[in-house]
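Here is how the chains run, residue by residue.
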Amino acid sequence: MAEKSKNDQQGPSVSAAEALDFHAAGRPGKLEINPTKPMATQRDLSLAYSPGVAAPVKAIHEDPSRAFDYTTRGNMVAVISNGTAILGLGNLGALASKPVMEGKAVLFKRFADVDSIDLEVDTDDVDEFINCVRFLGPSFGGINLEDIKAPDCFIIESRLREIMDIPVFHDDQHGTAIIAAAGLINALEITGRDIKTTRLVCNGAGSAGIACIELIKAMGFPPENVILCDTKGVVYQGRKEGMNQWKSAHAVNTKHRTLAEALDGADIFFGLSAKGALTPAMVQSMAKNPIIFAMANPDPEITPEEVAEIRTDAIMATGRSDYPNQVNNVLGFPYIFRGALDVRATTINDDMKLAAAEALAALARQDVPDDVAAAYQGNRPKFGANYIIPVPFDPRLISAVPVAVAKAAMDSGVARRPILDLSNYARELSARRDPIASTLQRIYERVRRQPKRVVFAEGEEEQVMRAAVSYANQRLGTAILLGRDEQIRETAKQAGVDLNKPGIEIINARLSRRNGIYADYLYERLQRKGFLFRDCQRLINNDRNHFAGAMVALGDADAMVTGVTRNYSTVLDDVRRVIDAKPGHRVIGVSIALCRGRTVIVADTAVHDMPNSEQIADIAEEVAGFSRRMGYEPRVAMLAYSTFGHPPGERSERVQEAVKILDKRRVDFEYDGEMAADVALNPKLMAQYPFCRLSGPANVLVMPAFHSASIATKMLQELGGSMVIGPLLVGLNKPVQIVSLNAKDSDIVNMAAIAAYNAGA
């Protein structure tokens, strides 16, 4: 069977149009380069370039290792391909591989804070490729080879490892092998098997298949207990057809000639081949408690449903995110390089690979923390047959895997800069996470597990339609477009948006059988506020926010998203007529801002114009609760233009009084104020106030007024390059989110997902 292993790319289905729009929006592509030093003055430029660069140039000439101290080399990996085996698409050439390589570079940064750049080498000649990469070596701390066909990839990696003094790692081979090995360690434990007497059959003799059996043999599997198969059948001693030196190294003395024969009585199946390669009959013939890793993508060799029909005792893993136990390369390569770079390793050896596998396996055996369990909505994953591999958004990965890899590099003698305090190293790694991306990932994962019906109130707008299609494509639930059917379909046709798919509904408020019920509901709420019944009828028939709000209030939809065509305050007024605050809660607006990997939550960014002390205290409590629901332990700073009484002023006094109110309430989160923003966010400045109650820089900022919150978040976004999500509505009795005027489809989808997430809270 032809190998199709590319597990780090599997995910929710998306349309070609969505993918093209995503890559073309804003700056084309997925990467940019930003300076890490100030470039504001002539002196800055003199230090950054001439004459300042002369000093590090001379230092590196005298001692080449100083390049790690004075340049980006120590945190820079090159992702290199010639495009001869792109995903499951085949040999489409170097240039066509660039989107994939950029994506790989983004994953390095997102998961392990490793800077990376993609290089596409336009040659199929092995020697030319090797020479190109070897001479680029001084630029990088590591080389990640990607999407290179077999057997060229074996030759290229082997020779580059010999001639280069930095890690060279072909992720298509070793990444899959490491994650599969981690799952196998735990599957063996659950089934009580002894590695010395366990039989394994691997179907697929490409780069990933060869790497898998090499690593499991390094784990301790006896070579005679491992059978490799390819499209010609069993790789046995004496076989001539379709052989090469890499297959021959794993040929065994056996009478078996077919995959079916090899699997009879076998304990383990590793599939790195193609859909349908493993049949129900083969599964039935395997030993008790079989371990089946069907890792072909996008379709596994056999699905868990097919196995469940004939075996109830099997442990299964696939390469897909919609099944338990996903063998996902993103669990490996970012963290392996992180550890290797941090000790300046000269290579990535078997000891380091096995250490990564052991660390992953150990992580799956630990109790799952709240911020991972949140994605499962009460169904906390627990070590067992359906949880033998950690999930990619587990925040502990960054502090577990690199530490194990770094230690193995030191123990095996390939580290050039040992780390003396591994506990402190683990703490430093945890601080490098990208929390907001993890949060969004957790939100999407939980909603996929319990899909929700979300009504998109402005269904006739093109970006809303695209967002609805994306919501359905990502298996988040049903997207309900509110509007005139003919108008929606005509706009969709002109825009090239396909609405004829599962998960998309269109509702016209005027024609709905429910509008009489909604009008009665609205009249009951508004009859003592100057509204006649016909006023309420008119609002339900003609105003989509009122109709959508009534749908959510009466349970015909789980959540609602709106705001593309109207100002925020106007939409909020519409929603508040239909939906109340939660009992005992205050409705506020919360924004999440991410700048250079650091996340802060800001409130109130939408509702209260000039809150009094009592309201500021309420806002602090509400946003602290929101912070915890999103997976952050709140450290709340209540901001003002002054810090602890200087300079004095009426606004600062309100904040001071709010602190006293929280003191009386005996709340269970860290808070303090009043303080200026720089003191709240800068640990050195905060240290000047030893009486400050916060244990570290604030991650939640309570603003003294709506205008200051709005100004601050918008300036962060426009001048600081921050990613800002929100304002999010918090405190309503039903989940509603309001996007900004003319929001992009990606923003609308994020808000819809957040609304759906809150529907399950």
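Structure report, in brief. Predicted, not measured: the structure shown is a model, and the values here were computed from it. (Residues numbered from 1 in each chain as written. Predicted model: local features only at pLDDT ≥ 70, side-chain atom pairs only at ≥ 80, totals over all residues. Heavy atoms only, no water.)

Focus: helix α9 (residues 207-219)
Move 1: With 13 residues, α9 extends 18 Å from end C-alpha to end C-alpha; this agrees with the ideal 18 Å at 1.5 Å per step.
Move 2: Across the 13 residues of α9, ten count as buried, placing the element largely inside the fold.
Move 3: Listed as buried for α9 are S207, A208, G209, I210, A211, C212, I213, L215, I216 and K217.
Move 4: Remark: G220 follows α9 within two positions and exhibits a positive phi of approximately 130°. (Helix = DSSP H or I, 4+ residues; strand = E, 2+ residues; numbered from the N terminus. Expected span 1.5 Å × (residues − 1). Buried < 20%, exposed > 50% of the residue type's maximum accessible area, 1.4 Å probe, protein only.)

Digging into the sheet that holds strand β3 (residues 142-145)
Move 1: Pairing in this open sheet of four strands is parallel, and the strands run β2-β1-β3-β4 from one edge to the other. If you trace the sheet from one side to the other, it starts and ends with β2 (115-120) and β4 (168-170), each paired once. Averaged over all pairs of adjacent strands, the angle between strand axes in this sheet comes to 25°, irrespective of strand direction.
Move 2: Relative to β3, strand β1 (residues 76-81) runs parallel, the two sharing four bridges. For V77, the partnering residue across the bridge sits in β3 and is G142. (Pairing = 2+ DSSP bridges. Axes fitted to C-alpha atoms, helices over the stretch in contact; angles between N-to-C directions.)

Topic: helix α15 (residues 350-365)
Move 1: Its 16 residues place the ends of α15 23 Å apart at the C-alpha level, agreeing with the 22 Å of an ideal helix rising 1.5 Å per residue.
Move 2: Of the positions making up α15, those classed as buried are M352, K353, L354, A355, A356, A357, A359, L360, A361, L363 and A364.
Move 3: Tucked into the core, α15 has its buried residues touching α7 (152-163), α8 (171-191), α9, α14 (333-342) and α17 (397-411).
Move 4: The distance from a side-chain oxygen at the start of α15 to the backbone nitrogen of D351 is 3.2 Å, and the residue carrying that oxygen is N349. (Contact = heavy atoms within 4.5 Å. Polar contact = N/O pair within 3.5 Å; in protein donor to acceptor, adjacent residues only side chain to side chain.)

Concerning the environment of I213
Move 1: Mapped onto the secondary structure, I213 falls in helix α9.
Move 2: Separated by ten residues in the primary sequence, I213 and P223 have C-alpha atoms spaced 9.0 Å apart.
Move 3: Leaving out residues up to four positions away in the same chain, I213 has contacts with C202, V226, L228 and H250.

A word on the packing of α15 against α17
Move 1: Here α15 crosses α17 at 150°, and the two axes come no closer than 8 Å. Taken together, the axes of α15 and α17 lie roughly antiparallel to each other. Seen along the crossing, α15 lies across α17 with a hand that is right-handed. Residue-level inspection shows D351, M352, A355, A356, A359, L360 and L363 of α15 in contact with α17, the latter providing L397, A400, V401, A404, V405, A408 and A409.
Move 2: By residue class, the composition of the contact of α15 with α17 is 13 nonpolar, no polar and one charged. (Parallel < 35°, antiparallel > 145°, perpendicular 65-115°, else oblique. Left-handed = near helix turned anticlockwise from the far one by under 90°. Nonpolar A, V, L, I, M, F, W, Y, C, P; charged D, E, K, R; others polar.)

Focus on the pairing of strand β13 (residues 504-507)
Move 1: Pairing between strand β12 (residues 477-482) and β13: four bridges, direction parallel. In the strand pairing of β13, L482 is matched with I507.
Move 2: Assessed by its sense of winding, the connection that carries the chain from β12 through helix α21 (residues 485-495) to β13 is right-handed. (Right-handed = clockwise from strand over helix to strand, strands pointing away.)

As for the pairing of strand β16 (residues 598-603)
Move 1: Of all six residues that make up β16, five are buried, and the element is covered over most of its length.
Move 2: The pairing of strand β15 (residues 588-595) with β16 spans six bridges and is classified as antiparallel. Residue pairing for β16: I592 is matched across the bridge by I601.

Points about the packing of aromatic side chains
Aromatic ring pairs: the centre-centre distance and the angle between the two ring planes describe each pair.
Move 1: Counted by the stated rule, this structure contains twelve aromatic pairs.
Move 2: Seen from their ring centres, F108 and F333 are 4.9 Å apart, and the 70° between their planes marks the pair as edge-to-face. Here F333 lies in helix α14 and F108 lies in helix α5 (residues 98-112), a separation of 225 residues in the sequence.
Move 3: With a relative accessible area of 0%, F108 lands in the buried category.
Move 4: On the numbers, 6.0 Å between centres and 80° between planes, the contact of Y689 with F691 is edge-to-face. (Phe/Tyr/Trp six-rings, centres within 6.5 Å; stacked < 30°, edge-to-face > 60°.)

Thoughts on the nonpolar core
Move 1: Among the nonpolar cores identified, the biggest contains 101 residues, and I143, L184 and F270 are the most heavily contacted of them.
Move 2: With ten residues, α8 is the single largest residue contributor to this core.
Move 3: If we ignore the near neighbours within four places in the chain, the residues touching F270 are A180, L184, L200, V201, C202, N203, C212, I216, F293 and M295.
Move 4: Core analysis: the second largest hydrophobic core is formed by 66 residues, V469, V659, V667 and V702 among them. (Core = buried A, V, L, I, M, F, W, Y, C linked by side-chain atoms within 4.5 Å.)

Let's talk about the pattern of salt bridges
Move 1: According to the stated counting rule, one finds 46 salt bridges in the structure shown.
Move 2: Between D165 and R416 there is a salt bridge, with its nearest N and O atoms 3.4 Å apart. Placement of the pair is D165 in the loop between α7 and β4 and R416 in the loop between α17 and α18 (422-430), with a sequence separation of 251 residues.
Move 3: Ionic pairing is found between R484 and E460, a salt bridge with its closest N-O pair at 2.8 Å. One end of the pair, R484, is in the loop between β12 and α21; the other, E460, is in the loop between β11 (452-456) and α20 (462-473), and 24 residues separate them in sequence.
Move 4: By relative accessible area, which is 13% here, E460 ends up buried. (Salt bridge = Lys/Arg side-chain N within 4 Å of Asp/Glu carboxyl O.)

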